[in-house]
Amino acid sequence: MRSIFFLFWFICLSSPLLQAQTKALETYFDELSELRQHNGNLLVADQGAVLANFSSGYADFSTQQVNTSASRFNLASISKVITATAVLQLKEKNKLRLDDALTDYLPDFPFQEVTIRHLLTHTSGLPDLELFDDIVKHFPDTVITNRNVLPELAKWTRGLYFKPGDEYRYCNTEYNLLALLVEATSDMEFSTYLRKYIFDPAGMNDTYVIQPRRPKKGELIAQPQMKPHPGYDSTFIAVDSISRFKYLTYNLSGTVGDGNVMSTTLDLFKFDQAYFKGKLLRANSMEEAMTPLRLNNGTIPYQRMDTMDGEGKMTYGLGWEIFEQPNYGISVGHGGFKFGLATFYIHNPAKNQTIIGFDNTAGSEFGRFIASAQSLINEREPLKFRTSKSLITLYGTALVKHGADHAAAVFNANKSNTKGYYLNEGELNDLGYNLFYMSSFPGHQEMGLEVFKLGTLIFPDSFNTYDSYGQLLRDMEKKDDAILMYQKSIELNPNNEDGKRILNQLLEDKKGN
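Chains are numbered independently. Their residues run from 1 in the order of the written sequence. Confidence filtering applies because this is a predicted model: local features only for residues at pLDDT of at least 70, side-chain atom pairs given and counted only at 80 or more, and all residues used for totals across whole chains, interfaces and linings. Excluded from the side-chain calculation are hydrogens and water; included are all heavy atoms of the structure.

**Q** Break down the environment of Met204 for me, citing the residues and quoting the values.
**A** The helix count covers DSSP runs of H or I at least four residues long, the strand count covers runs of E at least two residues long, and both are numbered beginning at the N terminus. Mapped onto the fold, Met204 is located in the loop between α7 (190-202) and β6 (208-209). Linking Met204 and Asn53, residues 151 residues apart in sequence, is a C-alpha distance of 16 Å. Contact between two residues is taken to exist if any of their heavy atoms lie within 4.5 Å; hydrogens are not considered. Non-local contacts of Met204, meaning those with residues more than four positions away in its chain, are made with Arg195, Ile198, Phe199, Ser263, Asp267, Lys270 and Phe271.

Listed below in structure tokens is the structure:
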């Protein structure tokens, strides 16, 4: 029997295959409901029919307001697909050309060699969020908007990070500039343009740009939630109440183009259907958008897949992430992340399958649920649910409450119980950093060191563990020990350029003394 915290909705389907898919999804999400590992919404569709629109957990933990299919989530970087669609529409209207310099449309932009295509493909070499460090440092209560982008770029003294087109480097600033480009070439505010040419034609009545629109009274908004101290504190609270995230949750909350589109799973599915039925762009523009970029040297920059577990690789087109998976072929979509929020959207054009997922706790299993939904609609077995508990959380709780010796004993007593507990290096990394930098009780820094000391013993082949341990030792002025850890990290990973830079600085400091 499903918990009252979960909502399931199905459309009746006549096809035996679709009925079988629906049943498999229902069974899977029933188990997910019982385990309560997900907090948000998941929509799965095949052949244009919604098989499941599943909701779980709380939109707001403090009020225990549950998520429903009406919950609006910040799409985060999925918004970039929508921004790119707007740019390509303007290209079709002969308002711009993709290989034009941005300065042709925004004369105050300081880099003449950067084109619109460079912005769309994250190959411009522009700075990302660090662009706003100086203004926030001097005006800590300011909210950055797109109006700040060009003035801050004019003051930027470090130039481009690389020659445009030489590298792929994900950059939100590029999509702020594309939103300004839309305004300059359409003579409309960005939000007005999206409403008139994308949201309304697609029937997206529950979607809006967060700036300047604000939530209406009674509107169900999924608030990003986090555990303030993962690894030893299991209570979820609203991310915007955690002071250390103010830069991202408050100072950088006013930009558009890169994110800040609010929507529901069903509304994003309406975008998906309108897009792939050719209602928003012509076929040649769609094909160009979903073609992998090539760098100046002719290569396609591939990397590991965004969000999803499983085999495959990913590259980028014009606003779209492009996934190549051995079992499913080529799909397109986009992932999004903010502290306390994970979003993901994927569409397989050849199979006409769509999966949309939101989680307002950015749960660690989120990518596995997306991968499992993809498996189920393709008559494959889903990934097994992880029912074991975190050994790092067990250790971290013991460390904070009872000290290092007890924590070590608890860890060693349970480390062989692989059915009851799982061990994750990323969680250990988070625990160590959180204790050292983000906690305030007596002895928290020494506890952070203790975590990474353990890490070097249980993950002896991980360069990152030694690198992280070295960082904490350096910041505790234990420079000789830090040098040893950075040397070990670089021995394990000769490409650890940041580690090399820090090691050289430590060695120079030692010579100076």
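**Q** Any chance you could break down the pattern of salt bridges for me, citing the residues and the numbers?
**A** By definition here, a salt bridge exists when the distance from a side-chain nitrogen of Lys or Arg to a carboxyl oxygen of Asp or Glu is within 4 Å. As enumerated under the stated definition, the model contains 21 salt bridges in all. The salt bridge partner of Lys453 is Glu450, with a shortest N-O separation of 3.5 Å. Of this pair, Lys453 and Glu450 both sit in helix α15 (residues 444-458), 3 residues apart, roughly one helical turn. Each residue gets one of three labels from its accessible area relative to the maximum for its type: buried under 20%, exposed over 50%, partly exposed in between, using a 1.4 Å probe on protein chains only. Given a relative accessible area of 24%, Glu450 falls into the partly exposed group. For the salt bridge of Asp498 with Arg501, the shortest nitrogen-to-oxygen distance reads 2.7 Å. Of this pair, Asp498 and Arg501 both sit in helix α18 (residues 497-512), 3 residues apart, which is roughly one turn of the helix. For Asp498, a relative accessible area of 42% translates into the label partly exposed. The network of salt bridges with shared partners includes Lys91, Asp99, Arg117 and Glu288.

**Q** With reference to specific residues and values, describe helix α16 (residues 463-475).
**A** Residue count minus one, scaled by 1.5 Å, sets the expected span of a helix. Its 13 residues give α16 an end-to-end C-alpha distance of 19 Å, which sits within 8% of 18 Å, the value for a rise of 1.5 Å per residue. Listed in full, the buried residues belonging to α16 are Thr465, Tyr466, Asp467, Ser468, Tyr469, Gly470, Leu472 and Leu473. Count one or two residues on from α16 and you reach Glu477, which has phi positive near 65 degrees.

**Q** Requested: an account of helix α1 (residues 16-35), with residues and values cited.
**A** Spanning 20 residues, α1 covers 29 Å between terminal C-alpha atoms, matching the ideal 28 Å at 1.5 Å per step. Buried within α1 we find Leu18, Gln21, Thr22, Leu25, Tyr28, Phe29, Leu32 and Ser33. Relative to the axis of α1, the buried residues are bounded by an arc of 145 degrees and lie together on one face. Exposed and oriented more than 90 degrees from the buried face of α1 are Pro16, Lys23 and Glu34. Here the buried face of α1 lies against β1 (40-46), β2 (49-55) and α11 (366-376). Think of the arc as the fan of directions from the helix axis to the C-beta atoms.

**Q** So, the environment of His347: which residues are in play, and what are the values?
**A** With respect to the helices and strands, His347 occurs in strand β13 (residues 341-348). For His347, a relative accessible area of 2% puts it in the buried group. Distance in space between the C-alpha atoms of His347 and Pro107 is 37 Å, their sequence separation being 240 residues. Not counting residues up to four positions away in its chain, the partners in contact with His347 are Asp272, Phe276, Ser331, Val332, Asn352, Gln353 and Thr354. Here a polar contact means two N or O atoms within 3.5 Å. Within protein one must be a hydrogen donor candidate and the other an acceptor candidate, and residues neighboring in sequence count only if both atoms are side-chain atoms. Here the side chain of His347 touches Asp272 through a polar contact of 2.8 Å, side chain to side chain.

**Q** Provide a residue-level description of the nonpolar core, including the pertinent values.
**A** The definition of a nonpolar core used throughout is a set of buried Ala, Val, Leu, Ile, Met, Phe, Trp, Tyr and Cys residues joined through side-chain atoms within 4.5 Å. Core analysis: the biggest nonpolar cluster contains 78 residues, and Phe109, Leu177 and Phe271 have the highest contact counts within it. Excluding anything up to four places from it in sequence, Leu177 contacts Leu102, Leu106, Phe109, Leu119, Leu126, Val149, Leu150 and Leu153.

**Q** Tell me about the sheet that holds strand β5 (residues 73-74), residues and numbers included.
**A** When DSSP finds at least two bridges between two strands, those strands are taken to pair. Spatial strand order, β5-β9-β6: 3 strands in an open sheet with antiparallel pairing. The open sheet has two edge strands with one neighbour each: β5 and β6. Pairing analysis gives 2 bridges linking β5 to strand β9 (residues 261-263), with the strands arranged antiparallel. If you follow Asn74 over to β9, its bridge partner there is Met262.

**Q** Provide a residue-level description of empty space enclosed by the protein, including the pertinent values.
**A** One simple way to see leftover space: roll a probe sized like a water molecule over the atoms. A 1.4 Å probe that fits into a set of points on a 1 Å grid over the protein atoms alone but cannot get out defines a cavity; an open set with protein on both sides within 12 Å along at least five of seven lines defines a pocket, and lining residues are those with an atom within 4 Å of a point. Grid points are joined across faces, edges and corners, and a volume is the space filled by probe spheres set on the points. For the structure on display, the rule yields 2 cavities of 30 Å³ or more. Reported here for the largest cavity is a volume of approximately 60 Å³. If you trace the largest cavity, you find it lined by Tyr328, Ser331, Ile346, His347, Asn348, Lys351, Gln353, Thr354, Ile355, Gln374, Ile377 and Asn378. Within the residue set of the lining of the largest cavity, elements represented by two or more residues are β13 and β14 (353-359). Each residue gets one label: Ala, Val, Leu, Ile, Met, Phe, Trp, Tyr, Cys and Pro are nonpolar, Asp, Glu, Lys and Arg are charged, and the others, such as Gly, are polar. Of the residues belonging to the lining of the largest cavity, the class tally is 4 nonpolar, 7 polar and 1 charged. Of the pockets and cavities examined, the second largest cavity occupies roughly 30 Å³. Taken together, Tyr28, Gln37, Glu365, Arg368, Phe369, Ser372, Leu383, Lys384, Phe385 and Arg386 form the lining of the second largest cavity.

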